[in-house]
Amino acid sequence: MENKNIKWDSIFYGRAWVANIIDTIQKKDVLQSFYLKRYLMRAMMAGFIISIISVFVLMVKTTFSPDIPPGLVNMLGSIAFSFALVLILFTNSELLTSNFMYFTVGLYYRLIHPSRVLKIFLLCFLGNALGALLLFGLMRLTNVMTPEMIQLLSESVHTKSVTFSFHNILVRAIFANFFINISLVIAMQINDVLAKMFVMMFGVTIFAFMGYEHVVYNACLFIGMLYYNVSALQLGHLIKNIAFAFIGNYIGGGLVIGLFYAYLNDHGQFKAIKKGIDPND
């Protein structure tokens with residue numbers, strides 16, 4: 001039998017955490033329902049940011065690789081890539097993989113219909129991809145991408161799409177979104193801006209350094225290849241990577257983090273509201 005005297009806010013994250021998540025879900029749902037173009041633009045900005053930071057990472061790796069050990073080059077690239085999540089969150093852009101956590105919480109509390117969640121996921125991914133198309137389309141008009149960067153991009157895409165098996169991609173994707181969303185959960189408890197930035201950066205740095213699979217990042221790399229080395233792309237392998245990275249990211253962010261913390265912070269607050277009871281009593 002449940003102990004009515006449990007102080008939930010002192011055991012888990014409590015009402016404030018749940019209220020923050022629910023408020024975010026409701027805003028996102030309203031935005032895509034009534035302001036579809038603006039929602040897509042926010043999602044495009046996230047894809048644009050990830051893509052331009054991906055180009056930055058390629059430049060960092062190719063610039064420093066002749067002079068320092070490969071492991072250190074990889075760490076520098078991972079830290080550089082972590083800037084992307086900070087930019088996305090502080091610009092209120094729409095990233096698919098963070099939405100996996102948010103909307104799974106909404107599904108757990110039955111505050112949003114699964115069909116609406118699927119629509120939001122697909123719209124968000126479409127917007128992220130369009131942002132990448134725009135960035136690399138503009139980048140193609142410049143000489144920023146050097147032959148060394150294009151070669152590194154091609155090697156990375158081949159490894160992700162051809163070399164990796166489906167179960168390798170799936171498990172790597174679970175870990176990738178686990179680290180991203182556990183960082184978001186921690187950052188929600190912090191008010192200091194610099195501390196928030198640090199927490200978000202170390203989660204992304206870990207997943208990037210370990211070579212885990214992020215469906216939006218991978219899609220951006222594949223789109224970059226459309227402009228720079230389209231002949232090296234193999235459609236079947238690209239679909240394999242996107243499909244299993246998508247599923248793995250949902251498991252890691254939606255189930256392992258979103259569902260887990262939704263359950264831990266569930267003290268019947270929404271049932272109480274439906275019955276007309278003050279949940280704070």
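Residues numbered from 1 in each chain as written. Predicted model: local features only at pLDDT ≥ 70, side-chain atom pairs only at ≥ 80, totals over all residues. Heavy atoms only, no water.

In the annotation of an unreviewed UniProt entry, the entry for the chain reads Formate/nitrite transporter, and the organism field reads Staphylococcus felis. Regarding the chain, the relevant UniProt record gives this comment under Subcellular location (unreviewed entry): "Membrane". (UniProt positions renumbered as here; feature names shortened; annotations may be inferred.)

A. Spotlight on unusual backbone geometry. We note that N92 has phi near 55°; this positive angle belongs to a residue other than glycine. If you trace the backbone, N92 turns up in the loop between α4 (70–90) and α5 (96–108). The phi dihedral of R110 falls on the positive side, at around 55°, and the residue is not glycine. Here R110 shows up in the loop between α5 and α6 (114–139). (Helix = DSSP H or I, 4+ residues; strand = E, 2+ residues; numbered from the N terminus.)

B. The UniProt feature "transmembrane region" (unreviewed entry) in the chain, seen in detail. Under the feature "transmembrane region" (unreviewed entry), the UniProt entry names residues 39–60, 72–90, 120–139, 169–186, 193–210 and 242–264. Secondary structure content for residues 120–139 is 100% helix and 0% strand, and the end C-alpha separation is 28 Å. Helix makes up 100% of residues 193–210 and strand 0%. Its end C-alpha atoms lie 26 Å apart.

C. Up close: empty space enclosed by the protein. Applying the stated rule across the entire model yields one cavity of 30 Å³ or more. Lining of the largest cavity is provided by I50, F81, A84, L85, I88, L95, I180, V204, F207 and H214. Broken down by secondary-structure element, the contributors of at least two residues to the lining of the largest cavity are α4 and α9 (193–210). It is α4 that provides the largest number of residues to the lining of the largest cavity, a total of four residues. (1 Å grid on protein atoms, 1.4 Å probe; cavity = no way out; pocket = protein on both sides within 12 Å on 5 of 7 lines; lining within 4 Å. Points joined across faces, edges and corners; volume = space filled by probe spheres on them.)

D. Focus on the pattern of salt bridges. Counting across every chain of the model gives five salt bridges. Measuring nitrogen to oxygen at the nearest pair gives 3.2 Å for the salt bridge that ties K27 to D23. Highlighted residues: K27 and D23, both in helix α2 (residues 14–34), separated by four residues, approximately one helical turn. Linking E94 and R42 is a salt bridge whose minimum nitrogen-to-oxygen distance equals 2.8 Å. Taken together, the residues E94 in the loop between α4 and α5 and R42 in helix α3 (residues 36–64) connect sequence positions 52 residues apart. The exposure class assigned to R42 is partly exposed, which follows from its relative accessible area of 30%. Linked by salt bridges that have partners in common, K28, R42 and E94 make up one network. (Salt bridge = Lys/Arg side-chain N within 4 Å of Asp/Glu carboxyl O. Buried < 20%, exposed > 50% of the residue type's maximum accessible area, 1.4 Å probe, protein only.)

E. Quick look at the side chain of K28. Assignment of secondary structure puts K28 in helix α2. When neighbours within four sequence positions are excluded, K28 is seen to be in contact with Y39, E94, N99, Y102 and F103. (Contact = heavy atoms within 4.5 Å.)

F. Representation of the environment of Q32. Within the secondary structure, Q32 sits in helix α2. Spatially, the C-alpha atoms of Q32 and I120 are 7.2 Å apart, while their sequence positions differ by 88 residues. Excluding residues that lie within four positions of it along the chain, Q32 makes contacts with Y39, R116, K119, I120 and L123.

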